[in-house]
Structure formats: C-alpha cells, structure tokens
Amino acid sequence: MCCLPQHPVSMSPDAALDAVTFTDVAKAATRLRGVVHETPVHTSRSLNERLDAEVFLKCENLQRIGAFKIRGGYNALSRLSPEQKAGGVIAYSSGNHAQAVALSGQLLGIDTTILMPENAPTVKLEATRSYGAEVVTYDPEKTVREEYGAELAKARGLTLVPPYDHPHVIAGQGTVGWELLQQVDDLDVLLVCCGGGGMLSGCGIAASVLQPDCTVIGVEPEAGDDATRSFHTGTLQSVHNPDTIADGARTPSLGEYTFPLVHHYADDMVTVPDSAIIDAMRFVWTRMKLVTEPTGALALAALFSGAVTGDGRRIGVTVSGGNVDLARAAELMA
C-alpha cells in the first residue's frame, strides 16, 4: 500500500448531506421495485455460536448481476435526461459497478462503455461484455481510472456514471439497508462493506430513520484503510492500488459526497486482514452454501477477526456480492 497526500474536498459537508436524504433512498426503493430482487436474509445457528451473536446476512450475492451495485446503477441511469440517455454513458469499475451499468443500460436502452482494469476477475469482464457493453481495459499500475474515464467521456460525449460518489448512486445503494432494516427488527449493529462508501452512506441514512439506535460500522481491508483513516482524522485520506484480495474495495479514497456522509452517518470504521476475509468466505461457502467474493465477505470478516465482537448482540451484515473467479477462490481457501 502507498498512501497518497491528504485530499482536499471542495464540497461543503452540508451540501453533501442535503444531496442524499432518507426520502431519496425511499424513492429509489420504489423506482427499483420489480427491477432488482428483494434479497433474502440468511441465518446460521453455527455462525451465531461461533461469533456469540445473532447474525443476519443480507445476501446481495443473490442479487441481479450477483451484487448490490445494480441498485445504484439502475437508479442513476433511470434518472438521466433524455439527451444523456441518447448520448450514452461511461463508467469505470473493477467489475460489479461495470456489470450494474451494463445491465441497466441494456434494460433502459442506453449505450454503455465500461473502463475496467486488465487484472479484473475474468468472470466480471465476461459478464460485463455479455450485457452488451463496450469494455475498454487499462493497466492499473500506469493509469488513474478517474482521469482516463473523464478523458473518454469528454472525447466521446458520454455521461460519466461514477461507481459510488453520486447522489443517485448512493440513494440506490442505500436500499440494501432500507430493505434489511425492515426485514429484521431491533438490530444492535449493522456492518457494511466499504470501498468508496456509497453503500455505507446509503445504509447509514436508512438506519438513521428506520432504526436510529442501531450502530452502523463500516469495514475495510487493512491494506485499503483510507476511509477508516478519513473517519478517525476528519480529513480525507487516500491510498494507491492497495494490495488486498478484496478487489471491490481497492478504491483510492472516499468521495466528495461519501466522505461527509460516512463521517456523519457511520458510528465507527474498522479494518480487517485478508486472512479474516478468507475465513469468512470459507465458512459461508462450506457451512451456509453461499457463494461470496472476497469483498462480499468483508463485513462478516469484522466478526471473524475480532475487530467487532458479538457480545450476544443482533448484528446485520451486508454480503455485497458473489462474483468470484472459482479457481481463485479455491486457491484462497485451500
């Protein structure tokens, strides 16, 4: 991991907080009804005994495209103007946002161009192409995707749909929490995977209204601890290509919207080692028969690592996705 300098934020915190509200999340849930799955909540007595908690897994690995990202992608694309829809969109992603935008474009009749790293999981590259998107690859060691994406958008006249730092994307991702908090009453803690902070922001907003006594905790890989450092210092921090198996959490930093939202709505941030992610993956694969990708097991890993303790509490956990290369998963869990 290489830490970058502190990153200035031009947007005021109040403007970010006003940009995404509970009403926006609730309207996104209505917009997404019939388009995305209301994913199930799975439990396990063995898991509860191991972690000394009542654990409720929100299974977004069973979502369309195999991840929660379809929620924010579809919500954002559906709110574009007719001119923007006609001109096409571009997105950058290691995989799940890529698939979300590609499928949403297919459903809404919008041409999509997706910028993906050369080392993205093959399953995600192939799935993105299968939805009709044009995939443009780049070398993540030499290229800053945000800069390349902005260049392509300008050159081709495309509308850029960022993976997390956009009000409509955040509102869509927040429907994960909106659903879970209505499926399960009286949660003491909600653990949310954190890459760029879109789902964490949206889930925090949902919890603040639906279950305000619930403690919301974001979870990052140790190698990509930018959001955790940002949360605890109050200053936006960055990382460069963090070396972690959680490829969906290799984001350089929180964004202009998500940094103030996470700082306001999250109660804490913790980090976990890759070894705990593998332990969590192994358990849900073998004992619960749930296929998760490394990033999908990130929130649960907080309990496996001891970063968050069970203490007999009722704990909701987001399982953000299941798009994993099977050969790679076998290597990790061997």
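Residues numbered from 1 in each chain as written. Predicted model: local features only at pLDDT ≥ 70, side-chain atom pairs only at ≥ 80, totals over all residues. Heavy atoms only, no water.

*Asks:* Teacher, can you tell me more about the nonpolar core here?
*Replies:* Nonpolar side chains tend to gather and get buried jointly when the protein is soluble and globular. Ranked by size, the top nonpolar core spans 80 residues in total, and within it Leu57, Leu191 and Leu300 carry the most contacts. Discounting residues that sit within four places of it in the chain, leucine 300 has contacts with Leu47, Leu51, Val55, Leu57, Ala280, Val284 and Val317. One finds Ala98, Ile114, Leu125 and Val169 within the second-largest nonpolar core, a separate group that totals 17 residues. (Core = buried A, V, L, I, M, F, W, Y, C linked by side-chain atoms within 4.5 Å. Buried < 20%, exposed > 50% of the residue type's maximum accessible area, 1.4 Å probe, protein only. Contact = heavy atoms within 4.5 Å.)

*Asks:* How should I be thinking about the UniProt feature "domain: Tryptophan synthase beta chain-like PALP" (unreviewed entry) in the protein in this particular structure?
*Replies:* UniProt feature "domain: Tryptophan synthase beta chain-like PALP" (unreviewed entry): in the numbering of this structure it lies at residues 36-321. What you have in residues 36-321 is 43% helix and 18% strand, and the ends, taken at the C-alpha atoms, are 14 Å apart. (UniProt positions renumbered as here; feature names shortened; annotations may be inferred. Helix = DSSP H or I, 4+ residues; strand = E, 2+ residues; numbered from the N terminus.)

*Asks:* So what exactly am I meant to see when it comes to the environment of glutamate 146 here?
*Replies:* In this fold, glutamate 146 is placed in helix H8 (residues 145-156). Taking the C-alpha atoms as reference, glutamate 146 lies 9.8 Å from serine 93; in sequence the two are 53 residues apart. The residues contacting glutamate 146, other than those within four sequence positions of it, are Tyr92 and Pro252.

*Asks:* Looking at this structure, I do not really get H8. What am I missing?
*Replies:* In an α-helix, one turn spans 3.6 residues, which is why side chains three or four residues apart end up on the same side. For H8, spanning 12 residues, the distance from its first C-alpha to its last is 16 Å, which sits close to the expected 16 Å at 1.5 Å a residue. Those residues of H8 that sit buried are Arg145, Gly149, Leu152 and Ala153. The buried residues of H8 occupy an angular sector of 100 degrees when projected down its axis, which confines them to one face. Residues of H8 that are exposed and angled more than 90 degrees away from the buried face: Glu147, Glu151, Lys154 and Ala155. In the core, the buried residues of H8 are packed alongside strand E4 (89-92), strand E5 (112-117) and strand E6 (134-138). (Expected span 1.5 Å × (residues − 1). Arc of directions from axis to C-beta.)

*Asks:* Which parts of the structure should I look at to understand the pattern of salt bridges?
*Replies:* Pairs can form between side chains of opposite charge whenever their charged atoms are close. Inspection of every chain in the model, using the stated rule, returns 11 salt bridges. Between lysine 124 and glutamate 293 there is a salt bridge, and its shortest N-O distance comes to 2.8 Å. Of the two residues, lysine 124 is situated in helix H7 (residues 122-130) and glutamate 293 in the loop between helix H14 (274-286) and helix H15 (298-305); the sequence distance between them amounts to 169 residues. The residues lysine 124 and glutamate 293 share a single accessibility class, namely buried. Residues participating in the shared-partner salt-bridge network are Lys58, Glu60, Arg71 and Glu179. (Salt bridge = Lys/Arg side-chain N within 4 Å of Asp/Glu carboxyl O.)

*Asks:* Hey, could you run me through the domain arrangement of the protein in this one?
*Replies:* Many authors give the size of an interface as the accessible area that is lost as the parts come together. Entries for the protein in the domain assignment read domain 1 (13-67 + 166-333) and domain 2 (70-160). If you look at the interface, domain 1 gives 30 residues, while domain 2 gives 23 residues. At the boundary of domain 1 with domain 2, total buried surface from both sides reaches about 2,200 Å², with 53% on carbon and sulfur atoms. Three residues stand out in domain 1 for area buried against domain 2, namely Arg31, Ile65 and His168, and they jointly supply 29% of the buried area on that side. Between the two partners, domain 1 and domain 2, sit four salt bridges. The partner of glutamate 179 in a salt bridge is arginine 71, and the shortest N-O contact between them spans 3.0 Å. Where domain 1 touches domain 2, the interface holds 13 residue pairs in polar contact (both at pLDDT 80 or more). Counting only elements with at least two residues in the side of domain 1 that touches domain 2, the list comes to helix H2 (22-32), helix H9 (167-173) and helix H10 (175-183). It is H9 that contributes the most residues to the side of domain 1 that touches domain 2, five residues altogether. In the side of domain 1 that touches domain 2, the residues fall into 11 nonpolar, 11 polar and eight charged. (Domains from an automatic or database assignment. Buried area = accessible area lost by both parts, 1.4 Å probe. Polar contact = N/O pair within 3.5 Å; in protein donor to acceptor, adjacent residues only side chain to side chain. Nonpolar A, V, L, I, M, F, W, Y, C, P; charged D, E, K, R; others polar.)

*Asks:* Even after reading the chapter, I still don't get the sheet that holds strand E2 (residues 41-42), so can you show me in this structure?
*Replies:* The strands that make up a sheet are held in pairs by hydrogen bonds between backbone atoms, and each pair lies either parallel or antiparallel. Read across the open sheet, the six strands follow the order E2-E3-E12-E8-E9-E11; overall the sheet is mixed. Each edge of the open sheet is held by one strand with a lone partner, namely E2 and strand E11 (268-272). The strands touched by helix H12 (residues 226-233) within the sheet are strand E9 (215-221) and E11, with E11 carrying the most contacts at an inclination of about 150 degrees. (Pairing = 2+ DSSP bridges. Axes fitted to C-alpha atoms, helices over the stretch in contact; angles between N-to-C directions.)

*Asks:* Would you mind going over H12 with me for this structure?
*Replies:* Judged by how many residues are buried, H12 sits mostly within the fold: six of eight residues are covered. Taken as a whole, H12 has its buried residues at Asp226, Ala227, Thr228, Arg229, Ser230 and Phe231. Positive phi appears at glycine 234, one or two residues downstream of H12, with a value of about 75 degrees.

*Asks:* Any chance you could explain the sheet that holds E6 here in plain terms?
*Replies:* Here we have four strands laid out as an open sheet, ordered E6-E5-E4-E7, and parallel in their pairing. Edge positions in the open sheet fall to E6 and strand E7 (159-160), since each of these has one partner strand only. As paired strands, E5 and E6 are joined by five bridges and run parallel to one another. Across the sheet, the residue bridging to leucine 115 is valine 136, located in E6.

*Asks:* Would you explain unusual backbone geometry in this entry?
*Replies:* In terms of backbone geometry, most residues other than glycine have negative phi values and most peptide bonds are trans. A positive phi is found at aspartate 186, a non-glycine position, where the angle reads about 55 degrees. By relative accessible area, aspartate 186 is classed as exposed at 60%.

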